[in-house]
Amino acid sequence: MSDIKIKETTAEDEQAQPILTHEKSISQKIARGSEAGDILDQQMVMLGIQLVTQLNVLIKTSRIYERTNAALDKPVDTMLTLIKTMAQDQPVTLRLQNDFLFLWDSHLKVNAQQMAVATSIIDALNVWKIGGLTFSLAVESKDLREFAALFVSLDPETKALEDLQKEITARRIVGIELEEQRQLQLRSTHGTARNTSSGTTENKSPEGTGSPDPKAQRKVNAKNGYAKVAGSVGTLTQSARDGGAAVSFKQAKRAIQNIIDLMVDDEAAVLGLTTLRCHDQYTHNHSVNVSLLSIALANRVGYPKVELADLGLAALFHDMGKSTIPMEVLNKPGEFTDEDWVAMRNHPTEGVLSLSKMRGITNLPGRMAAASFEHHMNLDFSGYPKLTVPWTLSLTGRILTIADCYDAMTSSRVYRREPMSPSKVLNMMLSKSGKSFDAVLLKLFVNCVGIIPIGSMVMLETNELAVVLKPAADKTNAERPFVRVIADPQGNPVEHGREIDLTEKNDIGDFCHSIIRLIDNTEYKFDTSRYFT
Ligand SMILES: [Fe+2]
Ligand SMILES: [Fe+2]
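Residues numbered from 1 in each chain as written. Chains lettered and ligands numbered in written order. Predicted model: local features only at pLDDT ≥ 70, side-chain atom pairs only at ≥ 80, totals over all residues. Heavy atoms only, no water.

S.K.: Hey, could you run me through the coordination of the iron ion (ligand 2) in this one?
M.R.: Those protein atoms acting as donors to the iron ion (ligand 2) are His286 (NE2), His318 (NE2), Asp319 (OD) and Asp404 (OD), and they sit at 2.0 to 2.3 Å. Counting along the primary sequence, the residues that act as donors to the iron ion (ligand 2) give the motif H-x31-H-D-x84-D. In this structure, the iron ion (ligand 2) lies 3.3 Å away from the iron ion (ligand 1), the two metals sharing Asp319 as a donor. Here Asp319, found in the loop between helix H12 (305-316) and helix H13 (327-330), pairs with Asp404, found in helix H17 (residues 395-410); they are 85 residues apart in sequence, far enough to count as distant. Asp404 shares its class with Asp319; the two are buried. (Donors = N, O, S within 2.8 Å, 3.2 Å for Na, K, Ca; no water. Helix = DSSP H or I, 4+ residues; strand = E, 2+ residues; numbered from the N terminus. Buried < 20%, exposed > 50% of the residue type's maximum accessible area, 1.4 Å probe, protein only.)

So this is what it looks like as structure tokens:
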């Protein structure tokens, strides 16, 4: 049932892993893109992950011990061996971009056990706004020790990266170079990279500009993809109700793949689609939203891109078991009876049965079964179904639990007449971090939707109402997202309102605009989804 085998690994285990080495002469002979080249690249990535692990140990140990202490010997020696192995052709560069770690240009994809280490290094680099860390062959034991001591002793609250760099030079630390974080969105491939350092931008309509706006076009494609995927869920649910005829998942998978391609370009635009809420279509929209949120979270976890579509598909049908619940119960406006609750609590198990009937039991992917079976279990097994045998939750199940809860609570549906505001939901979920939800995954999820999540309504100091379009690019200013003004101080709707980067400062260093309070979306009857289309 579980698609990922979770093995408890301790920090000691990680350190004890053998270090892979390779010959310089061989690496130079192997052609890039060849099978052997791929193996070499994979080996480098594994070394990169070990380097990150040891760097994390070094930083943590330096917080406790002096730089000459023997406790630092092991991480320092291991790092030096790794650097000497890896830096034969060029200095080793670790990069941080959009909260992803890269070794040179290769994304360092980490597994569930390595995630805590990666998150710890990402946080440490973010505090100093470091975008790149380069180690050359010139680096020696004293340099690593001195650098780590500086890194933990200087206060990033009062010192800038420049100060850290100056100290590095003053102390004659060699072989280590720092790079600032880049301000541009580098992941866009269509020439539409937005300069995130520019503050207020006009909301340009794609019509009447003469040339088609590729960003607007991508959003239209994403919206069409959303409709297609919602359509597939509708057809499949109906077919399950009609008796479980064999159906093809191909159309849904193709539509999901389109959405994934768009997400790599513009995650916020795709997440914005999840604010498309339509009352009577709750189940279909919910399924698509859970799929999009799961894909975005899995992408941040470092899921291989080829597996994202499978996860998206599994997420899309996580509530298939609801097809066994009569429509009158699902649409009941009042309280559920005990019997109704029994039916509801059976939907994860019923889902596995429905799905297996559709595809033939031999053909049901484990990830799909896990998505349905585990999505209400909770990390601490406080949910349902209750099991009498020991169980290990799959990564798919843990991702789904977060995406499912977030969307269900923020959506309007029949038996919860008013949706909760996204920030209230996030706060409620954070209060259950480590209990109902996997703490590391929840943290990554918050990075994804922002601490003031996409789609939230806020009031600015001007008394204008605005909607959150995407999280702040700069994580240290997470409470200052990108917003668009949607109503004037008197509450009158504004068409094509200003788009504001709330991290923008004026000449004297004060923020130009600030949020004075969060608005419960139910307080004003605005359909925030239209600001994403
Ligand atoms: Fe469910
Ligand atoms: Fe659900």
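S.K.: Just checking my understanding: could you explain the sheet that holds strand S6 (residues 457-460) for this structure?
M.R.: Two pairing modes exist for strands in a sheet, parallel and antiparallel, and in both the strands are linked by backbone hydrogen bonds. Judged by pairing direction, the sheet is antiparallel, and its five strands sit side by side in the order S9-S8-S7-S6-S10 without closing on themselves. Strands at the two margins of the open sheet, each flanked by one partner only, are strand S9 (499-501) and strand S10 (515-519). Put simply, the sheet's adjacent strands are angled 40° from each other on average, direction ignored. Pairing analysis gives five bridges linking strand S7 (residues 465-470) to strand S8 (residues 482-487), with the strands arranged antiparallel. Counted as the bridge partner of Lys470 is Phe482 from S8. (Pairing = 2+ DSSP bridges. Axes fitted to C-alpha atoms, helices over the stretch in contact; angles between N-to-C directions.)

S.K.: Quick question: what am I supposed to make of the packing of H17 against helix H18 (residues 422-430) here?
M.R.: The description of two helices packed together rests on the angle between their axes and the distance between the axes. Interaxial distance between H17 and H18 falls to 9 Å at its minimum, and their mutual angle equals 140°. One finds that H17 runs oblique with respect to H18. Seen from above, H17 lies across H18 with right-handed handedness. On H18, the residues that touch Ile402, Cys405, Tyr406, Met409 and Thr410 of H17 are Pro422, Val425, Leu426, Met428 and Met429. Grouping the constituent residues of the contact of H17 with H18 by class yields nine nonpolar, one polar and no charged. (Parallel < 35°, antiparallel > 145°, perpendicular 65-115°, else oblique. Left-handed = near helix turned anticlockwise from the far one by under 90°. Contact = heavy atoms within 4.5 Å. Nonpolar A, V, L, I, M, F, W, Y, C, P; charged D, E, K, R; others polar.)

S.K.: Is there a simple way to think about the coordination of the iron ion (ligand 1) in this case?
M.R.: Put simply, the ideal angle at a metal is 109.5 degrees for four donors in tetrahedral geometry and 90 or 180 degrees for six donors in octahedral geometry. The iron ion (ligand 1) binds to the protein through Asp319 (OD), His347 (NE2), His375 (NE2) and His376 (NE2), with metal-donor distances spanning 2.1 to 2.2 Å. Around the iron ion (ligand 1), the four donor atoms sit at angles spanning 82 to 171°, and that spread fits a shape best called irregular. Mapping the donors of the iron ion (ligand 1) onto the primary sequence yields the spacing D-x27-H-x27-H-H. (Tetrahedral: all angles 85-135°; square planar, octahedral: opposite > 155°, others 65-115°.)

S.K.: Just checking my understanding: could you explain the packing of H17 against helix H19 (residues 439-449) for this structure?
M.R.: Close contact between H17 and H19 brings their axes to 11 Å; oriented N to C, the two are set at 45°. Between H17 and H19, the crossing angle belongs to the class labelled oblique. With respect to the hand of their crossing, H17 and H19 are arranged in right-handed fashion. Residue-level inspection shows Leu395, Arg398, Ile399, Ile402 and Tyr406 of H17 in contact with H19, the latter providing Leu441, Leu442, Phe445 and Val449. A breakdown of the residues in the contact of H17 with H19 according to their chemical character gives eight nonpolar, no polar and one charged.

S.K.: Where do I start with helix H16 (residues 366-374) in this structure?
M.R.: Working note: α-helix, 3.6 residues per turn, so residues spaced by three or four point in the same direction. Among the nine residues of H16, eight are classified as buried, and the element is accordingly described as predominantly covered. All buried positions along H16 are accounted for by Arg367, Met368, Ala369, Ala370, Ala371, Ser372, Phe373 and Glu374.

S.K.: What am I meant to see in the pattern of salt bridges here?
M.R.: It is possible for side chains bearing opposite charge to pair when their charged atoms get close. In this structure the tally under the stated criterion is 14 salt bridges. Between Glu146 and Arg67 there is a salt bridge, with its nearest N and O atoms 3.4 Å apart. Separated by 79 residues along the polypeptide, Glu146 in helix H6 (residues 141-153) and Arg67 in the loop between helix H3 (35-64) and helix H4 (73-86) bring together distant segments of the chain. Residue Arg67 is classed as partly exposed on the basis of its relative accessible area, which comes to 36%. The residue Arg145 makes a salt bridge to Asp73 at a minimum N-O spacing of 2.6 Å. With Arg145 in helix H6 and Asp73 in helix H4, this residue pair connects regions lying 72 residues apart in the sequence. Here the salt bridges share partners, and the residues they tie into one network are Arg67, Glu146, Glu167 and Arg171. (Salt bridge = Lys/Arg side-chain N within 4 Å of Asp/Glu carboxyl O.)

S.K.: Honestly, the nonpolar core in this entry has me stumped. Any pointers?
M.R.: Taken as a class, soluble globular proteins show a tendency for nonpolar side chains to be buried jointly. Leu101, Phe135, Leu144 and Leu164 are the most contacted members of the largest nonpolar core, which totals 112 residues. Not counting chain neighbours up to four residues away, the residues in contact with Phe135 comprise Leu51, Leu55, Met79, Ile83, Ala87, Pro91, Val92, Leu94, Leu144, Gly175 and Ile176. If you look at the next biggest cluster of nonpolar residues, it comprises nine residues, including Val458, Ala466, Val485 and Leu502. (Core = buried A, V, L, I, M, F, W, Y, C linked by side-chain atoms within 4.5 Å.)

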